[in-house]
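Chain and residue survey
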Amino acid sequence: MKPLVVDRVVKQYGDKTAVNGISLEVDRGEIYGLLGANGAGKTTTMRMVLGLIFPDEGQILYDGKPYAKEQLQRIGYLPEERGLYPKVKVSEQLVYLARLKGMTASAADKSLKNWLERFNVPEYYDKRVEELSKGNQQKIQFIATIIHSPQLLILDEAFSGLDPVNVELLKSTVKELRDNGSTILFSTHRMEHVEELCRNITILHRSNEQVKGSLKEIKGRFPRERVRLTAESEITGLEELPGVLGVKLLEQGGYEIRIADEASGRGILHHAMSQSEISRFEIMEPTLNEIFIKTVGESHE
Amino acid sequence: MSDFWTVTGFTFRNKTKGKAFIVTTLILVIILSLVINLPYIISLFKGDGGADVKNVGYVSVQSESIESKVTPTLVGAWLKEYYASQPEDSRKLAMVAIEGSGDAAADEATLKKAIADGSIDGYLQLKPNATTGFYDAIYNSEKMMDNSATEELRTGLQIVKSNAAGLTDEQKKLLYTPVEVSALQINAGSGEGSGRTATQQGVNMGLVYAMLFLLFMTIMATGTVIASEVTTEKSSRIMEVLITSVSPLNSMFGKIFGMFLVGLLQIAIYIGVVIINVNIPTNTEALGNLNINLSDVSYDLLIVSLLFYLTGFFLYATLYAAVGSIVSRTEDLGQAVMPLTFLSLAGFYLGMFNLTNPDSMLVKVTSFIPFLSPYVMVVRTGVGSVEYWEIGVSLLIMLVSIYLLGWLSAKIYRTGVLMYGKRPTIKELRKAMKAYKF
């Protein structure tokens, strides 16, 4: 029994369809990526999973059971737009939020201290939120989401606005929660995070599922259209080869060549080897970024 | 239920710790203490009792007179005798005879000089009046609107006038002893014998006044704070986290109850300050003279006002919370709560203006209308006549309205807190309400 099953849910606001028949299943210890352009229906889907909005059609099951109030306590939600009480001390409001999730005050306090220690900011315990920088407020908000060790985590734009060091810190925490068996629904605009964390993804476009499946399988579905070539000396005449659509000289050395199909790669390698020593030749997998732009961008026209 | 108390506790702690709470409470405590101590403080500045007797001059020889027997000089002497016969601590005036010359202009100059050198505060001139057969008096002094002196002179002259008529002491006594008139308010409908005496009416009136003010102030102050709290939570987006942790009903009523406790604490502090101040020895004396006997308060009225205070507060508070939830920015809040404020104001004025006319049809009808009855019913119970069943029905209507509006408010709250942007219209709100589950 999967901990989270979303089954063909539909949500309409008036005559506008916000979500049109989306299905997804998330396993224990899995991070599921929910991608889509702004206004594609991600937040509505997440709100339905949170039980805030009732789907018009379809159903959402948690461990095989429909939504009930008790689920509130097992869910951790990091909203896209962060919010904390600006004038209340970090310790007070996090203990308050944890108590609303069913923790005792002392357990919440202990958990909070652990997490602050973990994020190297134990001194924020007694600070008011308005005294902290925006990035640090994010960390506190993140702690507020996971302080009660939820089994189902819903992270909307989890790492936006953080510096790379803190992104790594939070990312490793999310991975750890995943490895401890949490079920995580994850949305972001940063495709490299998705590639790093998610096993399965759905790309939403205009309320519909556009692309869905495991990351590996999706990448296989899209043709490899890029060749990365690095050589000892300059290679000329790449543009004239059959099947080559374009050549870009990279700043850090080497070329990136767009090709019409995988078979053209052979000709490029031959041509290059006849001119110089090759240190790197790779027919690249499409990045998620490309796939995203392709699926969402194409149907824009 | 534990969520409810968690929210209540959090609201209460944060509000009472806030600067705004501490400052406003302190300011009111200082004002209350000052007001209660004012009579004593004023008496400190007055100095000795003798200092406030005004000396009024008159000329011992004056030319104009009605008939030779009652000369202005004689009237002056009678007045002097009258004031001198008054007990020393309640005496306000003393007459001072000043030697006249018989020439009016010269006399006036002498009197003015006496004012200038401080031996008298003012002087009395008497001009004969042919129609009344007595004198018209003019009190000349440097002060404006010196009403206490003219009033005192009027009484004095009225009394000494009887000397001119030549009444005996017995006749004078009969004339000047005031007649006792006392009012007893009864309830003609129930046929109960227990009427309210004048002092009881006074105390009831005072209590009704206090309750009307208290309810109005509580609704205004606490209601606005509740609404702005909700709006702040919404605009700071913490609401999104909150509603995934706690049911909207618990979060809304927890907040309302928390604020109610804050208000209660504040009132308790004020009552404590009043009691402490009243019991300071210097004040017990000063206030004792005001003739207030707290044991005259009717318990019926106390219980009814308490019930309507509580129900009134919760009825308005739920609506304030609902209004707060549909506004996205604190700047828009003032305008949005305006209708509620006017409703409360209407009830308050209905109560205030009908304090002396508590049995009109308007009062009877409005004492059953939910938003107005907390004010009007207290007035009816306190100073009018009302049957127990009427109070019961009105209270029942209040409770039902609280239930219905509480349910509606919770629905609005639930929907409103997730709607950002411009204030939704009623139509949009209804459409959105259908989309959320409860």
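Just so you know, these numbers come straight off a predicted model, no measurement behind them.

1. Side note on the sheet that holds strand β10 (residues 226-231) of chain A
All names here are of chain A. What the four strands build is an open sheet, ordered β11-β12-β10-β13; its pairing is antiparallel. Of all the strands in the sheet, just β11 (244-249) and β13 (278-284) have a single pairing partner and so form its edges. Recorded for the sheet is a direction-independent mean angle of 15 degrees between the axes of neighbouring strands. Sheet topology places β10 next to strand β12 (residues 255-259); four bridges connect them, and they run antiparallel. Paired with L229 across the two strands is Y255, which belongs to β12.

2. Re the domain arrangement of chain A
Looking at the assigned domains, one finds that chain A contains domain 1 (4-219) and domain 2 (223-285). Its C-alpha centre places domain 1 of chain A at a distance of 42 Å from the equivalent point of domain 2 of chain A.

3. A word on the nonpolar core
Core analysis: the biggest nonpolar cluster contains 126 residues, and I154, L185 and F186 of chain A together with Y320 and A321 of chain B have the highest contact counts within it. Not counting residues within four places of it along the chain, the set of residues in contact with F186 of chain A comprises I31, Y32, G33, L34, L155, A158, L197 and C198 of chain A. Grouped together as the second largest cluster of nonpolar side chains are 16 residues, Y58, V75, L93 and L111 of chain B included.

4. Re the pairing of strand β4 (residues 134-141) of chain B
Here strand β3 (residues 122-129) of chain B runs beside β4 of chain B; their pairing, made up of eight bridges, is antiparallel. For G122 of chain B, the partnering residue across the bridge sits in β4 of chain B and is S141 of chain B.

5. Section: the environment of Q73 of chain A
Residue and element names in this part refer to chain A. Within the secondary structure, Q73 sits in the loop between β4 (57-62) and β5 (75-78). We classify Q73 as partly exposed; it has 16 C-beta atoms within 10 Å. Put simply, Q73 and G102 are 29 residues apart on the chain and 6.4 Å apart in space, counted from C-alpha to C-alpha. Not counting residues within four places of it along the chain, the set of residues in contact with Q73 comprises K101 and G102.

6. Points about the environment of P87 of chain B
Residue and element names in this part refer to chain B. Tracing the backbone through its elements, the reader meets P87 in the loop between α3 (72-85) and β2 (93-98). Among the residues examined, P87 registers 6 C-beta atoms within 10 Å and is labelled exposed. On a C-alpha basis, the gap between P87 and I138 in space is 26 Å, while along the polypeptide they are 51 residues apart.

7. Examining the interface of chain B and chain A
How big an interface is tends to be stated in terms of accessible area lost as the parts join. Taken together, the contact between chain B and chain A spans 19 residues of the former and 24 residues of the latter. Of all the elements in the fold, those that place two or more residues in the side of chain B that touches chain A are α1 (2-17), α8 (238-242) and α16 (426-435) of chain B. Split by residue class, the side of chain B that touches chain A holds eight nonpolar, six polar and five charged.

8. Digging into the packing of helix α2 (residues 90-100) of chain A against α1 of chain B
α1 of chain B packs onto α2 of chain A with a crossing angle of 165 degrees between their chain directions and a minimal axis gap of 9 Å. In terms of axis orientation, α2 of chain A runs roughly antiparallel to α1 of chain B. Along this stretch, α2 of chain A crosses α1 of chain B, giving a crossing that reads as left-handed. Between α2 of chain A and α1 of chain B, the residues in contact are Y96, R99 and L100 of chain A and D3, T6 and F10 of chain B, respectively. A per-class count over the contact of α2 of chain A with α1 of chain B returns three nonpolar, one polar and two charged.

Analysis parameters
Residues numbered from 1 in each chain as written. Chains lettered and ligands numbered in written order. Predicted model: local features only at pLDDT ≥ 70, side-chain atom pairs only at ≥ 80, totals over all residues. Pairing = 2+ DSSP bridges. Helix = DSSP H or I, 4+ residues; strand = E, 2+ residues; numbered from the N terminus. Axes fitted to C-alpha atoms, helices over the stretch in contact; angles between N-to-C directions. Domains from an automatic or database assignment. Core = buried A, V, L, I, M, F, W, Y, C linked by C-beta atoms within 7 Å. Buried ≥ 20, exposed ≤ 12 C-beta atoms within 10 Å, placed from the backbone. Contact = placed C-beta atoms within 7 Å. Nonpolar A, V, L, I, M, F, W, Y, C, P; charged D, E, K, R; others polar. Parallel < 35°, antiparallel > 145°, perpendicular 65-115°, else oblique. Left-handed = near helix turned anticlockwise from the far one by under 90°.

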